[in-house]
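What follows is each chain in one-letter form.
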Amino acid sequence: MAEADIVLHMTGVRKTFGPVVALSNMDLTVRAGRVHTILGENGAGKSTLMKILAGVQLPSAGEITLDGAPFYPVTPQEAAARGLAIVFQELSLCNNLSVAANILATREPTRMGFISDRKVTARARALVHELGLPIDVTAQVGDLSIAQRQLVEIAKGLSHDAKVVIFDEPTSSLSDNEAEILFGIIERLKAHGKAVIYISHRMEEIMRLSDDITVVRDGEYVDTVAREDTTIDALIAMMVGREMAEIYPPRIGDVPDTQATPALRVTGLTQTGAFEDISFEVRQGEILGFFGLIGSGRSEVMNALFGTSMARGTVEIDGEPVTIRSAAEAIEHGIGFVTENRKEQGLVLSHALRPNVSMAALPRFSVRGFVRSRAERREALSEVERLGIRTNSIETVTGTLSGGNQQKVVLAKWLATRPRILILDEPTRGVDVGAKFEIYRIIRQLASEGTAILMVSSELPEVLGLSDRVLIMSEGRVSQTAPRDTLTPERVMTFATGHVQ
Amino acid sequence: DGIGASLLTQQHPFYIEIAKAMEAEAEAKDVPLEISIANQDLSKQLADVEDFIVKGVDVLVISPVDSQGALPAIMKAKAAGIKVITVDVPAQDVDVASYIGTDNYAGGVKAAELMAEELGGSGKVAIIDYPTVQSVVARIDGFRKGLEDFPDVEIVAQQTGITRAEALAAAQNMLQANPDIDGIFGFGDDAALAAAVAVKSAGLQEQVKVIGFDGMEEARNAVDSDPVMVGVVQQFPDQMGKMAVDTALELMGGAEVPAEQPIVPGVYTGQ
Amino acid sequence: MTSNRQAYLRTMMRQYAGIVLSLVALCVFFSLTNDRFLSVANFTNIFQQVAVIAITAFGMTWVILLGEIDLSVGSIIAVAGMVGAQIIGLGWGFAPALMLTLAAGAAMGLFNGVMTAKLLLPSFIVTVATMSIFRGLVSLPTGGAPAMNMDPTWIAIGANSFLGVPIIIWVVLVLFVVNHVALAHTTFGRKTYLTGGNREAALYSGINVDAMKIRIFMISGLMAAISGILLSSRLYSAQTNAGMSYELDAIAAAVLGGTSLSGGVGTMVGTLIGALIIGVLNNGMNMLSVPYFYQLIVKGLVILIAVYLDVRSKQRQG
Amino acid sequence: MTSNRQAYLRTMMRQYAGIVLSLVALCVFFSLTNDRFLSVANFTNIFQQVAVIAITAFGMTWVILLGEIDLSVGSIIAVAGMVGAQIIGLGWGFAPALMLTLAAGAAMGLFNGVMTAKLLLPSFIVTVATMSIFRGLVSLPTGGAPAMNMDPTWIAIGANSFLGVPIIIWVVLVLFVVNHVALAHTTFGRKTYLTGGNREAALYSGINVDAMKIRIFMISGLMAAISGILLSSRLYSAQTNAGMSYELDAIAAAVLGGTSLSGGVGTMVGTLIGALIIGVLNNGMNMLSVPYFYQLIVKGLVILIAVYLDVRSKQRQG
Ligand SMILES: Nc1ncnc2c1ncn2[C@@H]1O[C@H](COP(=O)(O)OP(=O)(O)OP(=O)(O)O)[C@@H](O)[C@H]1O
Ligand SMILES: Nc1ncnc2c1ncn2[C@@H]1O[C@H](COP(=O)(O)OP(=O)(O)OP(=O)(O)O)[C@@H](O)[C@H]1O
Ligand SMILES: [Mg+2]
Ligand SMILES: [Mg+2]
């Protein structure tokens, strides 16, 4: 490879936040026309590095060059002007504005100094069309699902021309269909000679897309390898620092008896406009996977079960019909709900980890209305230990944790309620491979202890790897419910796309 | 030691005059004087008096935010051995060494007499009031009482206008609702001056006469130059301030002072 | 295109249904109870009386859209009047007095903005503090007494008409159009919505959030200064207690008009309607000779009802 | 455990460093410039004068922690005094008067809470409206005149001492402890922080956010009513303009004490220190005979400086 290909080069980059060292010593060489993946555990410092490149944060030390010239952007505009585009990991959209206004934010086409809304819409529509993204540019961002917002974020990142395009976990909330669109976009960028920096925790797509792969551990450069020269197992070993044989741990104990009373039975659940006639049952110790495309209505069903939205139909717990009108009642019935949107529904980002862990289980941590802080602390410490949450202490503000570690805190919060029925909506979004394995192990463990588990996931391997049975939704209806061993990925996809009746 | 004065406001020319007169007299007689402003807040006045007690003044000159409500402040001062003089607003239910002030009720009656005279004994009148200040309530009561002697003068509207801007809006709206108004009585100079503006902007300067109360310089000038402003009941804050300091000095010297030193309001109708 | 326009109109209807209903209901009620309510003269009155609140509320709308608040506007109104009166008093003439008054308003806004943006203090507390500071400053030249300002041009602003319409009303309308266009159709306005909607996203999009804050507090100071000029012009004098508690009326006007106190949502059209509701209410109750204390009660209730209708109409259709 | 305690102390130090510094600096300055400042009598004065603001600010702290605001507390203070005076006037005696006054405070808070929680109106506008409504209500019994309340027990609250310390100060201290313990150590306090930190996450965690809002506005109303009782007791009368603009002082005390207006962050300790800063400042400037308008300016500047020190000390160490 010729030196002339090098677009971006950095050595010894360091970034600290007070006592926290996010990046200790990072090297990277990015070449034109190639996809360069950065791989590392949650909290390894990947997003921090990208924010430095994007002009959002300043490095504490280190050298960066872009096209051979020093590159220390102080503002996002400067980074953009020098030819850098970025799709941020944490969604950074304004819910109060339309998709088009968000995509073209600060780059609105004007006529004599005035914004032309028609041109904004037209240009955004053209861009979205060109990228092949299925989004309506006139919709309010606040009305969109997480996945749709992720697509908007992608369109926004690609709304201007750039030499280096960064994608920070763009697929963490996308299902395969949308992800395919994104891969097409990346191929085209590559073909146009752009340098692409790609961050993801999904090993399959990394192996498919990447040309070069750089592994980071604890903020430090480990190695850069070419895709052809490595394997998933080797990468994981490099990243986690140990060998990992199997990602999906085997079931502990037997599949529950089909004759037993279901822990949860749902019949004819309907919410006009969102989903219709949803029926299923799940037994103690069983893992029921929910698969479907974006917007197939899985999250809405879960919200209805949890009492956070209203629906018709009957719900039985242990054979007893119940009506659940609020989260409080759901929790009383032993239901836990790991929501898909950890920022909005999951965590109090401004608060420390400890109160976040105990927040859904306060009765467990109190006597006569007073908080038992010792019990609370013990629980938080043990969850940090069990889930391997990477944090300085349990008093660390959750908002400063890396995305994957935040996800683990949400999980910890619901585990602390000791749920009998646990709803997991995209439980491993943005979680690294090592941690994923841990989460899967915990899910298995819970199941073996008798918890009934509903797991919504857009990652097909995850659904197939973990579930005892799989329910496939398509356009708000159940299109199939089947035991795991009767399903193949292809069969699942045909049901999900609704091509089989 | 010295005199502590607690005045109810400092955003009104009348009280600025009192304060100035007191300062000038204190300077002339070489007696220490400290002034604090209650800003129309009775609890601030109480706090001010408490701070005076800690500082150890000999005489408290107070213009109560409220004649009844000043009771605890005055009792605290008296209990601390401080002589108390009230200025402008009397204190109820408690004896003070002396009260110096305008007879607001009598002033209101005088305003009514002037109004009746200006209207030739018949017409429609509106009032701008400030219902939470007792000296003002006394003026309005006096005005209403005074008009009872003139059965053909009718009060058709009464609205509140505390600041000049509020008084202007109130006057405009009353004139709009009652275009046949012949006279407006404003509880103070501000209200009257605002009413005069409203009269002119409604084009009614030939018809409506405005009478005010306080008689500070701005209002007296207006009476001189503006035909709408026919007169103003005049108080004498300079006399009050001077008299307050002199009385305080007499009390400090152990002399007897009269329990009431009324200052008769005048009526100013121009030069 | 037609369908686009229709959609636009529907959005407008939905957006303002609640408050327009409130405003119309008030007008109908007052015209039924007082036959002089529905007249050109009276609507001129209302507009004149509401001018100060409306203009202050235009500035406040920017501030609230950004997710901040400006409680110092009432004091700025007073300072502006006083600066004008003092400079006229020095004999410098109308134009310099006008310019320096506007500059003083912008400077006070600048102070608020710098404190908020650069020292990272919450704007609520900054402007509570400057409310007190500016109110203290206004009294220094006269020791608390009002200052006369009889400059003929200055007075003419509040007293004269142009093409049969009082100048004050022209000022309100022009400022409404300017603010509306700037908010709805310029990049500056768009940046305001973006910043108020999601500060971090705005930063990531390369918006200089600090500069936005400073500029918007300057706009608010400037609008308050213009209000102060109109007020002192109508009163022929600068009162040291002018504008006291007007900040609450201005905020109420903006919120009645659908501006969200958490930022990012609101329009100048809404604010103007909100200010008119307050103005019509005060005027109508004066005309009906409602006693002062009942006025306070009715005013509170009407605000509650209007905001409720607004919130509900948005929920229903949204 | 020891290291835990040390960590806790460090956190405390860091948390209050800025405002404690401001408070100490003010005290040192005033004792150097006035030899009567540093006396038991004067500190009793300060505490008594600050009691009303401090207690109102305790209630306000709950409201702000929840991410809401209560601008009606000043009017509730006035209504409480008036209710007490009227019931004493009816001859029902002290205990019923006290109970009904507290109930009235809680009921006004309930109204605010229901409007905010159930009708989904922003608390700012709800309480701007009820500020006006309650202020109107207070004047109905007397037409704006004050009502005397010479009940000996009522007056004793403000005038007498217990164990050599004025009862008012006992009331402040007891309410401080109660509010502090409830906030820092109960699940109710915890839920308040969580709801203020992220309303939706709290909802998903089974917290009844609406009930929280209603209860907390009731607490605020109750605290304001207690303030109203103390105030009317000190003044022997219920003033219709009592408590006017105290809401701003109460908010300023809470914010000076580190309470964040966006909710979720703050403590009662901070609020008490914040209220003391305001009290010491007012008292000290009175002792130095600072003219009124300069007091306004200095007060604003000190608030700015104290908040700045607070923000900075947190940034540095946080
Ligand atoms: N603003 C901040 N303040 C304090 N610490 C921070 C801040 N931002 C990031 N960190 C810390 O820096 C480290 C690296 O975070 P970063 O977000 O870069 O991780 P990441 O590699 O992107 O992880 P993930 O895969 O979970 O997204 C983490 O320990 C995180 O807690
Ligand atoms: N917060 C929201 N506000 C309005 N509409 C929403 C919201 N979230 C989802 N929707 C819409 O509801 C429908 C169902 O979405 P839902 O999130 O339940 O689907 P899902 O199968 O869980 O897909 P996803 O993988 O995107 O979560 C979609 O049309 C989506 O656009
Ligand atoms: Mg990351
Ligand atoms: Mg979903």
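The sections below set out a description of the structure shown in this document. (Residues numbered from 1 in each chain as written. Chains lettered and ligands numbered in written order. Predicted model: local features only at pLDDT ≥ 70, side-chain atom pairs only at ≥ 80, totals over all residues. Heavy atoms only, no water.)

**Some thoughts on the arrangement of the chains**
Then, number 1: Looking across the five pairs of chains in contact, one finds the most contacts between chains C and D.
Then, number 2: The two units chain A and chain B never meet; even their closest C-alpha atoms stay 38 Å apart. (Contact = heavy atoms within 4.5 Å.)

**Digging into the site of ligand 1**
Residue and element names in this part refer to chain A.
Then, number 1: Around ligand 1, the structure places 18 residues, and the nearest of them are Gly43, Lys46, Ser47, Thr48 and Thr400.
Then, number 2: In the model, an oxygen atom of ligand 1 is placed 2.9 Å from a nitrogen or oxygen of the His201 side chain.
Then, number 3: Contacts to ligand 1 include Ser402, whose side-chain N or O atom sits 2.9 Å from an oxygen atom.
Then, number 4: Summarising the interface, the protein chains cover 83% of the accessible area of ligand 1, which totals 630 Å² for the free molecule.
Then, number 5: The set of elements that each furnish at least two residues to the shell around ligand 1 consists of α1 (46-53) and α14 (403-415).
Then, number 6: Considering each element in turn, the shell around ligand 1 owes the most residues, three residues, to α1. (Near = heavy atom within 4 Å. Polar contact = N/O pair within 3.5 Å; in protein donor to acceptor, adjacent residues only side chain to side chain. Areas by Shrake-Rupley, 256 points an atom, 1.4 Å probe, with all protein chains shown as cover. Helix = DSSP H or I, 4+ residues; strand = E, 2+ residues; numbered from the N terminus.)

**Points about the relation of the copies chain C and chain D**
Then, number 1: With an RMSD of 0.1 Å, the fit of chain C onto chain D corresponds to turning through 180° and sliding 0.0 Å along the axis. Given the turn and translation reported, the copies of this chain are related as if by a two-fold rotation axis.
Then, number 2: Comparing contact sets, 100% of the residues at the interface of chain C also lie at the interface in chain D, consistent with an isologous, same-surface contact. (Least-squares fit on C-alpha atoms with pLDDT ≥ 70 in both.)

**With respect to the nonpolar core**
Then, number 1: Counting 318 residues, the largest nonpolar core has B:Ile128, B:Phe143, B:Ile184 and B:Met229 as the members making the most contacts within it.
Then, number 2: Taken domain by domain, this core gets at least three of its residues from each of domain 1 (3-240) and domain 2 (264-497) of chain A.
Then, number 3: The residues contacting B:Met229, other than those within four sequence positions of it, are B:Ala192, B:Leu193, B:Ala196, B:Val210, B:Ala219, B:Ala222 and B:Val223. (Core = buried A, V, L, I, M, F, W, Y, C linked by side-chain atoms within 4.5 Å. Buried < 20%, exposed > 50% of the residue type's maximum accessible area, 1.4 Å probe, protein only. Domains from an automatic or database assignment.)

**Considering the coordination of the magnesium ion (ligand 4)**
All names here are of chain A.
Then, number 1: Distances from the magnesium ion (ligand 4) to its protein donors, Ser299 (OG) and Glu340 (OE), fall at 1.8 to 2.6 Å. Note that Ser299 is positioned in helix α9 (residues 298-305) and Glu340 in the loop between β18 (335-338) and α11 (342-346), a separation of 41 residues in sequence.
Then, number 2: Residue class for Glu340 comes out buried when judged on its relative accessible area of 19%. (Donors = N, O, S within 2.8 Å, 3.2 Å for Na, K, Ca; no water.)

**Some details on the packing of helix α7 (residues 167-185) of chain D against helix α8 (residues 187-197) of chain D**
Residue and element names in this part refer to chain D.
Then, number 1: The interhelical angle for the contact between α7 and α8, taken along N-to-C directions, is 65°, at an axis separation of 5 Å. Looking at the two axes, α7 sits roughly perpendicular to α8. When α7 is examined against α8, the residues Ala182, Leu183 and His185 are found in contact with a partner set consisting of Thr187, Gly189, Arg190 and Tyr193.
Then, number 2: Counted by class, the contact of α7 with α8 contains three nonpolar, three polar and one charged residues. (Axes fitted to C-alpha atoms, helices over the stretch in contact; angles between N-to-C directions. Parallel < 35°, antiparallel > 145°, perpendicular 65-115°, else oblique. Nonpolar A, V, L, I, M, F, W, Y, C, P; charged D, E, K, R; others polar.)

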